[in-house]
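Per-entry structural report
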Amino acid sequence: MEPSFTTDKLEQELKQAQQFGRWLSDEERLALEEEETKALRVIEQQRHRRVRLIVLTGVCVLIPPLWGIAAGLSFYLLFPETAKRLALIASGGLIVLAVLSALVFGFLLITIASLLL
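So, here is what we can say about the structure in this document. (Residues numbered from 1 in each chain as written. Predicted model: local features only at pLDDT ≥ 70, side-chain atom pairs only at ≥ 80, totals over all residues. Heavy atoms only, no water.)

**With respect to the layout of surface pockets**
To be explicit about the condition: The pocket and cavity definitions rest on a 1 Å grid over protein atoms only: a 1.4 Å probe that fits but cannot leave marks a cavity, an open set with protein on both sides within 12 Å along at least five of seven lines marks a pocket, and residues lining either have an atom within 4 Å of a point. Grid points are joined across faces, edges and corners, and a volume is the space filled by probe spheres set on the points. Only DSSP runs of H or I with at least four residues qualify as helices, and only runs of E with at least two residues qualify as strands; both kinds are numbered from the N terminus onward. Each residue gets one of three labels, nonpolar for Ala, Val, Leu, Ile, Met, Phe, Trp, Tyr, Cys and Pro, charged for Asp, Glu, Lys and Arg, and polar for the others, Gly among them.
What the largest pocket holds in volume is close to 180 Å³. Taken together, Gln46, Arg49, Arg50, Leu53, Tyr76, Leu77, Pro80, Glu81 and Lys84 make up the lining of the largest pocket. Those elements that place two or more of their residues in the lining of the largest pocket are helix H2 (26-62), helix H3 (67-78) and helix H4 (80-116). With 4 residues, H2 is the largest single contributor of residues to the lining of the largest pocket. Of the residues contributing to the lining of the largest pocket, the split by class is 4 nonpolar, 1 polar and 4 charged.

**Some remarks on the packing of H2 against H3**
Each pair of packed helices can be described by the angle between their axes along with the distance between the axes. Which entries qualify depends on this criterion: Only the stretch in contact is used when fitting a helix axis, every axis being a line fitted to C-alpha atoms; angles between N-to-C directions are given from 0 to 180 degrees. Relative orientations are named as follows: roughly parallel for angles under 35 degrees, roughly antiparallel for angles over 145 degrees, roughly perpendicular for angles from 65 to 115 degrees, and oblique for any other angle. What makes a crossing left-handed is the near helix being turned counterclockwise from the far one by less than a right angle; a clockwise turn instead makes it right-handed. Only heavy atoms enter the contact rule, under which two residues are in contact if any of them lie within 4.5 Å.
Between H2 and H3, the least distance of the axes is 8 Å, while the angle of their chain directions is 150°. Taken together, the axis directions place H2 and H3 in an arrangement best described as roughly antiparallel. H3 is crossed by H2, and the crossing has left-handed handedness. Seen from H2, the contacting residues are Arg49, Arg50, Leu53, Ile54, Leu56, Thr57, Cys60 and Val61; seen from H3, they are Trp67, Ile69, Ala70, Leu73, Ser74, Tyr76 and Leu77.

**Some words on the nonpolar core**
So the rule is basically this: Residues grouped as a nonpolar core are buried Ala, Val, Leu, Ile, Met, Phe, Trp, Tyr and Cys residues, joined through side-chain atoms within 4.5 Å. Summary of the burial criterion: residues with accessible area below 20% of their type's maximum are buried, those above 50% are exposed, and those between are partly exposed, where the area comes from a 1.4 Å probe applied to protein chains only.
Counting 7 residues, the largest nonpolar core is built from Leu53, Cys60, Ala70, Leu73, Tyr76, Leu77 and Ala83. Taken together, the elements giving at least two residues each to this core come down to H2 and H3. In terms of residue count, H3 provides more of this core than any other element does, 4 residues in total. Leaving out residues up to four positions away in the same chain, Ala83 has contacts with Phe75 and Tyr76.

**Notes on a nonpolar patch on the surface**
Applicable threshold: Nonpolar side chains (Val, Leu, Ile, Met, Phe, Trp, Tyr) are joined into patches within 5 Å and like charges within 9 Å, using only residues with over 30% relative accessible area and no salt bridge. A 1.4 Å probe and the Shrake-Rupley method give the accessible areas. Residues count as covered only by the protein chains that appear here. Any Lys or Arg side-chain nitrogen found within 4 Å of a carboxyl oxygen on Asp or Glu counts as a salt bridge.
Together, Val51, Val55, Val59, Leu62 and Ile63 make up a nonpolar patch on the protein surface, roughly 440 Å² of accessible area in all. Along the chain, Val59 turns up in helix H2.

**Describing the pattern of salt bridges**
The tally for this structure, following the rule as stated, stands at 3 salt bridges. Of the charged contacts in the structure, one is a salt bridge between Lys38 and Glu34, with a shortest N-O distance of 3.6 Å. In this pair, Lys38 and Glu34 are both assigned in helix H2, 4 residues apart and thus about one turn of the helix distant. Residue class for Lys38 comes out partly exposed when judged on its relative accessible area of 44%. The partner of Arg47 in a salt bridge is Glu44, and the shortest N-O contact between them spans 2.5 Å. Residue Arg47 and its partner Glu44 are located together in helix H2, separated by 3 residues, close to a single helical turn. Of the residues examined, Arg47 reaches a relative accessible area of 46% and is grouped as partly exposed.

Below, the structure is given as structure tokens:
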């Protein structure tokens, strides 16, 4: 190993020991490193997904019939949490509307059947 690599690793372990108030065991250090790699992987996946959405938004802007999708994607890219909440509320509203329309349709069918018979 290079001396600078081991020195950097020792300095990092010393900072962790100062942060936690004690030296970490090998298992704890490995668990901490694993959490860090998972966090970095999630950040990289989010960045990659964001780039794909930006490209898709650009394509939708270039094709006039897809401008509505481009507007929705732009809203999602600018305000992801708000867009998720809005989509959740809208989907809940659509489910309620579908159930109510099925009930009204069934009631109308029963009414028409009772009038004819």
